[in-house]
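Reading the structure
What follows is each chain in one-letter form.
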Amino acid sequence: MLPFLFDWLDRHPSSYWLIVSGPTLLLLIWTAWPVRADRQPGTAPAENRAWGALVLLLFLLAWRWPWLLYAYQFSPDESQHVAGILTLADDPVFFRSVDGSTAGPLNFYLPLPLGLLLGRIDYFSVRLAGLLLVWGTLFFCHRAAVRLAGVTLARLGLLPAAFFFAATTDWEFLHYSTEHAPVFLFSLCLWSLAQVPSAKHPTGWLVAAGVAAGLSPWAKLQIGPLSAVLVAGGLWQIAATAAPGRTRWRQGLILSLSTLAPTVLAVILLAPFGLVATAYQRYVHQNLFYVGESQLDTGALQQLAQLAWASRWFPVFAAGPLLLAATAGLIALGRSRPVGRLYLGGAVLTAVAVLCVVLPGRPFQHYLMLLVIPVTLWGIMAARELREPLAGAGARLGLALGLLLLGAGPLLLLRLSHPVP
């Protein structure tokens, strides 16, 4: 069946563009729909979560389905994951049956249920699992941005990340990598923390945020500093906004203990098998050695920059949000007024994400996935800074159209310059 499908696609290349055109148009309509209702300050467009989730899923599948069916590895990491997941299906005790090296156990466990459900653990099942994690990452980032910046800017600001993940042709971003799971958990933590200020009963959101942050290093230890910054931001938010007295201390304690809970649970589960020391040596010590061995090799970082520039995908994605961030910062500086704390938060997350990428000193482009959500969030917060002073409907509409073109145009043109898969 697959040879026939690919042969037919090769002989009818226009069919691929017909398939992607519908979901792409649907995404653009979904993105632009709230602009009219949001032209005036103080208005709040309606939001349909299920519809947004469906649009994002169809958009990702429409662009990425041929890559799911490609029957060869895109990266040795992908084969390592498939082999590890196959092993866990027979012996589910990680560190006894599987050594993930710098990859944490969650990278192997999360695709396992889907593989068992499909009855196949192979490149298709792990790539589909990775694509579903990307879908969740985008959706939770969008939901967090709705809370922080409103429906219109959340949708417009998500466009660069959506097109980056959907339309990329770079194998470093197509294969199931060690970044899919931690980035998903980071986005989940971000969304949960964004719900806390407006929640009547924030305990559940605090637990969800802490558990997501605590789980993320068990997917990729490299994302630990980024998750720690999110938790620190949550604690600062509690100190600044929670009711004084016991409420403030209780909420801070809930978030802190929830963050520690996954590690405590991991130790409890590993102890009966005598694998606690083994886990430390094979995972924590191995990661520390991996980072210390490189000593921030500038040659490797230069090579990473060269590879990213040759690929074009990440620089074209990041250009739009970073341009917005720079513009908002310069305008605030010129007017001698401080930028908002959310803008500063996006800047801090981006800076820490850069540190997470460069710290191992390796020229692997898939590390750049750790930057996608922080850069996206910073761009959305910058757009919020730019829109706040705009009182006229025309000015706000012009900004929205500019964000639409800046978010979709460059990446779409880049993809159109590449051949059909």
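As the structure is a prediction and not an experimental result, all values here were calculated from the model.

Per the secondary structure count, the protein chain includes 19 helices and zero strands. Taken over the C-alpha trace, the protein chain has a radius of gyration of 22 Å; the compact-globule value for 421 residues is 22 Å, and the two agree within 12%. Across its three principal directions, the C-alpha atoms of the protein chain cover 70 × 65 × 45 Å. When the 421 residues of the protein chain are sorted by exposure, 51% land in the buried category. Approximately 18,700 Å² of the protein chain is accessible, and the part contributed by carbon and sulfur atoms is 70%.

Evaluated as defined, the whole model comprises five salt bridges. Here Arg120 makes a salt bridge to Asp122, at a shortest N to O gap of 2.7 Å. With a closest N to O distance of 3.6 Å, Glu388 and Arg384 form a salt bridge.

Now for the packing of aromatic side chains. Given two aromatic rings, their pairing is described by the distance between the two centres and the angle made by the two planes. Under the criterion given, the structure shown has 26 aromatic pairs. Relative to Phe74, the ring of Tyr70 lies with its centre 5.2 Å away and its plane at 5°, an arrangement referred to as stacked. Between Phe94 and Phe108, the aromatic rings sit 5.4 Å apart at their centres with planes inclined by 50°, giving tilted as the arrangement. Within this pair, whereas Phe94 is found in the loop between α4 (76-90) and α5 (106-109), its partner Phe108 is found in helix α5, the two being separated by 14 residues in sequence. For the pair formed by Phe94 and Phe108, the shared burial category is buried. What links up through ring pairs into an aromatic cluster is the set Phe94, Phe95, Phe108, Tyr109, Trp218 and Tyr283. In this structure, Arg127 is placed above the aromatic ring of Phe74, and the distance from its NZ or CZ to the ring centre is 4.0 Å. Against the face of Trp309 rests Arg312, its NZ or CZ located 4.6 Å from the ring centre.

As a further point, take the environment of Leu174. Locating Leu174 in the fold gives a position in helix α9 (residues 171-174). A residue is classified by how much of its surface remains accessible, and Leu174, at 3% relative accessible area, is buried. In contact with Leu174, not counting residues within four places along its chain, are Arg64, Trp67, Phe74, Arg127, Thr168 and Thr169.

Thresholds, definitions, all that
- Residues numbered from 1 in each chain as written.
- Predicted model: local features only at pLDDT ≥ 70, side-chain atom pairs only at ≥ 80, totals over all residues.
- Heavy atoms only, no water.
- Helix = DSSP H or I, 4+ residues; strand = E, 2+ residues; numbered from the N terminus.
- Rg over C-alpha atoms; globule rule 2.2 N^0.38 Å.
- Buried < 20%, exposed > 50% of the residue type's maximum accessible area, 1.4 Å probe, protein only.
- Areas by Shrake-Rupley, 256 points an atom, 1.4 Å probe, with all protein chains shown as cover.
- Salt bridge = Lys/Arg side-chain N within 4 Å of Asp/Glu carboxyl O.
- Phe/Tyr/Trp six-rings, centres within 6.5 Å; stacked < 30°, edge-to-face > 60°.
- Lys NZ or Arg CZ within 6 Å of the ring centre and 35° of its normal.
- Contact = heavy atoms within 4.5 Å.

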